[in-house]
Amino acid sequence: MHAMVLNRIGAPLEWIERPDPFPGPGEIRIKIAACGVCRTDLHVVDGELPHPRLPIVPGHEIVGRVDRIGEGVSGFDIGERVGVPWLGHTCRKCAYCASGHENLCDAPQFTGFTRDGGYADLVVADARFAFPLGEAGEDASLAPLLCAGLIGWRAFKIAGRSAGRLERLGLYGFGAAAHILAQVAVKQGHEVFAFTQPGDRTTQDFARKMGAVWAGGSDEAAPEKLDAAILFAPVGALVPPALKSLRKGGAVVCAGIHMSDIPSFPYALLWEERQIVSVANLTRRDGIEFLRLAPQLGVKTTTRLYPLLQANAALADLRAGAFDGAAVLIP
Ligand SMILES: [Zn+2]
Ligand SMILES: [Zn+2]
């Protein structure tokens, strides 16, 4: 098999050839057709997340076809199209797993971080964390749903639950996750307000195209008070302005796995039962729910394709904000 491998934090990924992996008990092997490039991959490469396994093959928005089935796995056919997300394995024993919060498992494995991911032509996955994708839609268009879509969906549900009622939703940072969630939220009858880097008119136009009723800079105030705001940008300094944009009882949801420090702010911004919450990982239920819902709602992802060999260029372009939507690697 071929893969792009991270050998050392901060170093460019290296193209390698290694023997094909074999699925162990409970695992399947997948021939990869597409793998999305997520901001988390940048955090992995930059060493912003603790305890990566090195060397590691990054990538956790995997779409491919089952090509080998390990012992004890049922429910998959050879050739079936599946998707593999960030949460790649859970212990099934800890208190979180036992209480339906497997996203918080004490002994998890993460695809492309602590187990090899999708910047490759083959990957072995825990069959419990591989979602059947059916045959509708292109491989590359589906890939961003596996993390950008899923984490957005989980953040959206938490926003609704925390805020109590959710009509006006703010999205800070309008990249891969926001461009998917905006479509979902608009189709479900919510109003979306998009906050981009100040002066980024191109992304503001893109947000309006995705259905936002308003788009402006993160230094601007929304024209109306918001019920909730989701922060996709990994920028802690956005928390105080996001709080300021909320009505009483509203919620700021931090959706990133890593964020720069949140500066201190006057208590008055939090007062009146406003909340700040974070979103961690996903549960299989989120995955099944969302991957069923997205095609029903006609969600269309905007993608920029790169050959697998150009993974470093894709990461650099993501870092530079050089494209709208999501980058996807094709082996
Ligand atoms: Zn667990
Ligand atoms: Zn991700």
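Quantities reported herein were computed from a predicted structural model and do not represent experimental measurements.

Right, let's get into the overall build of the protein chain. Within the protein chain, the secondary structure is distributed over nine helices and 17 strands. Over its C-alpha atoms the protein chain spans a radius of gyration of 19 Å, differing by no more than 12% from the 20 Å that the globule rule assigns to 331 residues. Principal-axis analysis of the C-alpha atoms places the extent of the protein chain at approximately 55 × 40 × 35 Å. Here the protein chain holds 331 residues, and 48% of them are scored as buried. For the protein chain, restricting intrachain contacts to residue pairs at least 6 apart in sequence, the fraction spanning at least 24 positions comes to 69%.

The subject of this paragraph is helix α9 (residues 311-320). For α9, the complete set of buried residues consists of A311, A314, L315 and L318. Mapping the buried residues of α9 onto a view down its axis gives an arc of 100 degrees, with all of them on the same face. One or two steps after α9, the chain reaches G321, where phi turns positive at roughly 65 degrees.

With that settled, consider the environment of G175. Its place among the elements puts G175 in the loop between β10 (168-172) and α5 (176-187). We classify G175 as buried; it has 24 C-beta atoms within 10 Å. Taking the C-alpha atoms as reference points, G175 and L104, separated by 71 residues in sequence, lie 25 Å from one another.

A few words now on the sheet that holds strand β11 (residues 191-196). The parallel open sheet is built from six strands, whose spatial order is β12-β11-β10-β13-β14-β15. If you trace the sheet from one side to the other, it starts and ends with β12 (214-217) and β15 (275-278), each paired once. Within the sheet, the average angular offset between the axes of one strand and its neighbour, ignoring direction, is 20 degrees. Bridge count for β11 against β12 is four bridges, and the pairing is parallel. Bridged to F193 within β12 is W214. Those strands touched by helix α4 (residues 148-163) are β10, β13 (226-231), β14 (246-254) and β15, and its axis lies near 155 degrees from that of β14. In this fold α5 packs onto β10 and β11, with an angle of close to 160 degrees to the strand it touches most, β11.

Further remarks concern the packing of α4 against α5. Between α4 and α5, whose axes approach to 8 Å, the crossing angle comes to 55 degrees. Overall, the two elements α4 and α5 adopt an arrangement that is oblique. For α4 against α5, the interelement crossing comes out right-handed. Here A148, G149, I151, G152, W153 and F156 of α4 come into contact with α5, specifically with A176, A177, I180, L181, V184 and A185. Partitioning the contact of α4 with α5 into residue classes produces 10 nonpolar, two polar and no charged.

It is worth spelling out the pairing of β10 at this point. The element β10 is largely enclosed, with a buried count of five among its five residues. Alternating residues of β10 divide into R168, G170 and Y172 and L169 and L171, and every residue in both groups is buried. Summarising the sheet, β10 and β11 pair through five bridges and their orientation is parallel. Residue pairing across strands places L171 opposite A194, the latter belonging to β11. In this view, the connection linking β10 to its parallel neighbour β11 by way of α5 has right-handed handedness.

Entries for the protein chain in the domain assignment read domain 1 (2-135 + 301-330) and domain 2 (149-278). Centre-to-centre, using C-alpha coordinates, domain 1 lies 27 Å away from domain 2. Contacts between domain 1 and domain 2 engage 11 residues on the former and nine residues on the latter. Of the residues that constitute the side of domain 1 that touches domain 2, the class distribution is three nonpolar, five polar and three charged.

Attention shifts here to the nonpolar core. The tendency in soluble globular proteins is for nonpolar side chains to be buried as a group. Residues L171, A194, L231 and V253 are the most contacted members of the largest nonpolar core, which totals 105 residues. Per-domain counts for this core show at least three residues from each of domain 1 (2-135 + 301-330) and domain 2 (149-278). Excluding residues within four positions of it along the chain, A194 makes contact with L171, F174, A178, A182, Q204, A207, A212 and A215.

What follows deals with the packing of α4 against helix α8 (residues 284-297). Relative orientation of the contacting elements α4 and α8 amounts to 105 degrees, with a least axis distance of 10 Å. As judged from the angle between their axes, α4 and α8 are roughly perpendicular. Where α4 abuts α8, its residues G149, L150, W153 and R154 lie against D286, G287, F290 and A294. Residue composition of the contact of α4 with α8, grouped by class: four nonpolar, two polar and two charged.

Here we take up unusual backbone geometry. The residue after L54, namely P55, is reached through a cis peptide bond having omega -10 degrees. Positioned with a positive phi, E273 is a non-glycine residue whose angle comes to about 65 degrees.

Definitions and limits used
- Residues numbered from 1 in each chain as written.
- Chains lettered and ligands numbered in written order.
- Predicted model: local features only at pLDDT ≥ 70, side-chain atom pairs only at ≥ 80, totals over all residues.
- Helix = DSSP H or I, 4+ residues; strand = E, 2+ residues; numbered from the N terminus.
- Rg over C-alpha atoms; globule rule 2.2 N^0.38 Å.
- Buried ≥ 20, exposed ≤ 12 C-beta atoms within 10 Å, placed from the backbone.
- Contact = placed C-beta atoms within 7 Å.
- Arc of directions from axis to C-beta.
- Pairing = 2+ DSSP bridges.
- Axes fitted to C-alpha atoms, helices over the stretch in contact; angles between N-to-C directions.
- Parallel < 35°, antiparallel > 145°, perpendicular 65-115°, else oblique.
- Left-handed = near helix turned anticlockwise from the far one by under 90°.
- Nonpolar A, V, L, I, M, F, W, Y, C, P; charged D, E, K, R; others polar.
- Right-handed = clockwise from strand over helix to strand, strands pointing away.
- Domains from an automatic or database assignment.
- Core = buried A, V, L, I, M, F, W, Y, C linked by C-beta atoms within 7 Å.

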